[in-house]
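One letter stands for each residue in the lines below.
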Amino acid sequence: MIQDLDSLKTEQTSLSASAAAIQSSPALPECWKQQLQNSFQQESMDQLRSFLKEQYRQKKTIYPEKQNYFRALQLTPFDQVRVVILGQDPYHGPGQAHGLCFSVQSGVGLPPSLQNIFKERKSDVGIEISKSGDLSAWAKQGVLLLNAVLTVEAGQANSHQGKGWEKFTDDVIHVLNEKRQGLVFVLWGAYAQKKGALIDRQKHLVLECVHPSPLSSHRGFFGSKPFSKINDYLKSRGEMPIDWNN
């Protein structure tokens, strides 16, 4: 992945050379490469690349694995995005993070926030609480499960905040806001809601609520009915609803 970031950022090269490097990166799908070319010409990406290189040089354990940094974008192509759920940063426990916000790999215990998401899903649309926390099925239907920060050091929550990922994910939100119409943006918690300033609410539906964490879920997350609200909006636009089973 570090090599991918290297190929996606110019090193004293021309704009055209930078674009060619972006096109050659295997980690990011072609549709997203085209939309995010300018992101990889930013100083923040150069700083991020240097930071990650140093973390690996120090033998730090980073989650998720390199090939899953961009998994949310890999599973949900730009032109197929219908819903965006924003998280903060990846889970920092072993075997949990795999590149989708709030999601964990199959066979891993459900983190508290995901347990609460499933409780609200059951209350809202009647789906029983799953043993698996893998939300890939949502992503493949057009639900972009995007963390604001795409990496974290093992055991150190929020350790990669302020290192450059936020500018990149801001750019993801920006291009979706500008070039798509009628998306649903789900902003759970104050951190995600900061991204709301990037969204035109005349073009898109924005659902805001407290975070599903046990620290805040009883202050308005339970009973917020995000799953049915999303599907009601999609159906009002003549689109297929999301199957919220996972």
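The structure this text deals with has already been given above.
A brief structural summary. (Residues numbered from 1 in each chain as written. Predicted model: local features only at pLDDT ≥ 70, side-chain atom pairs only at ≥ 80, totals over all residues. Heavy atoms only, no water.)

For the protein, the helix and strand inventory stands at ten helices and six strands. Relative to its 246 residues, the protein shows a buried fraction of 54%. Considering only contacts in the protein between residues 6 or more positions apart, those separated by 24 or more positions represent 64%. (Helix = DSSP H or I, 4+ residues; strand = E, 2+ residues; numbered from the N terminus. Buried < 20%, exposed > 50% of the residue type's maximum accessible area, 1.4 Å probe, protein only. Contact = heavy atoms within 4.5 Å.)

Here we take up the layout of surface pockets. Here the largest pocket is characterised by a volume of approximately 530 Å³. When its residues are assigned to classes, the lining of the largest pocket shows 15 nonpolar, 14 polar and two charged. (1 Å grid on protein atoms, 1.4 Å probe; cavity = no way out; pocket = protein on both sides within 12 Å on 5 of 7 lines; lining within 4 Å. Points joined across faces, edges and corners; volume = space filled by probe spheres on them. Nonpolar A, V, L, I, M, F, W, Y, C, P; charged D, E, K, R; others polar.)

Close contact between helix H6 (residues 112-125) and helix H10 (residues 226-236) brings their axes to 7 Å; oriented N to C, the two are set at 60°. Classed by the angle they form, the pair H6 and H10 counts as oblique. Residues Ile117, Glu120, Arg121, Asp124 and Val125 of H6 pack against Pro226, Phe227 and Ser228 of H10. Taken together, the residues that form the contact of H6 with H10 break down as four nonpolar, one polar and three charged. (Axes fitted to C-alpha atoms, helices over the stretch in contact; angles between N-to-C directions. Parallel < 35°, antiparallel > 145°, perpendicular 65-115°, else oblique.)

Within the span of H10, buried status applies to Pro226, Phe227, Ser228, Ile230, Asn231, Tyr233 and Leu234. Considering only its buried residues, H10 is in contact with strand E2 (83-87), H6, helix H7 (136-139), strand E5 (184-188) and strand E6 (205-209). Once H10 ends, the next one or two residues include Gly238, with phi positive near 75°.

Our next topic: helix H8 (residues 165-179). Between the first and last C-alpha of H8 there are 21 Å, a value that for 15 residues agrees with the 21 Å anticipated at 1.5 Å per step. Inspection of H8 places Trp165, Glu166, Phe168, Thr169, Asp171, Val172, Ile173, Val175, Leu176 and Asn177 among the buried residues, and these make up the whole buried set. (Expected span 1.5 Å × (residues − 1).)

This brings us to the sheet that holds E5. Taken in spatial order, the four strands line up as E3-E2-E5-E6 in an open sheet, and their pairing is parallel. Of all strands in the sheet, those bounded by a partner on one side alone are strand E3 (143-147) and E6. Pairs of neighbouring strands in the sheet enclose a mean axial angle of 15°, with direction left out of account. Looking at chain direction, E2 and E3 are connected through five bridges and run parallel. When the bridges of E3 are listed, Val84 appears paired with Leu144. (Pairing = 2+ DSSP bridges.)

All right, on to the side chain of Ser224 then. Relative to the elements of secondary structure, Ser224 occurs in the loop between E6 and H10. Using a relative accessible area of 14% as the deciding quantity, one classes Ser224 as buried. Beyond its immediate chain neighbours, meaning those up to four positions away, Ser224 contacts Glu120, Cys209 and Lys229.

With the rule as written, the count across this model stands at twelve aromatic pairs. Taking the centre distance of 5.9 Å and the plane angle of 65° together, the rings of Phe221 and Phe222 count as edge-to-face. The exposure class assigned to Phe222 is partly exposed, which follows from its relative accessible area of 28%. Ring pairing ties together the aromatic residues Phe40, Tyr69, Phe70, Trp165 and Phe168, which thus form one cluster. Stacked on the ring of Tyr56, the Lys or Arg Lys66 has its end atom at 4.3 Å from the ring centre. Taking the ring centre of Phe118 as reference, the NZ or CZ of Arg121 above it sits at 4.2 Å. (Phe/Tyr/Trp six-rings, centres within 6.5 Å; stacked < 30°, edge-to-face > 60°. Lys NZ or Arg CZ within 6 Å of the ring centre and 35° of its normal.)

For the rest of this paragraph, the subject is the environment of Ala190. For Ala190, the position within the fold is in helix H9 (residues 190-193). Spatially, the C-alpha atom of Ala190 lies 9.1 Å from that of Glu208, the residues being 18 residues apart in sequence.

To continue, consider the environment of Asn177. Residue placement: Asn177 occurs in helix H8. Among the residues examined, Asn177 registers a relative accessible area of 4% and is labelled buried. Excluding its chain neighbours within four sequence positions, the residues that come into contact with Asn177 are Leu198, Ile199, Asp200, Lys203 and His204. Polar contacts involving the side chain of Asn177 include one to the side chain of Glu178, which spans 3.4 Å. (Polar contact = N/O pair within 3.5 Å; in protein donor to acceptor, adjacent residues only side chain to side chain.)

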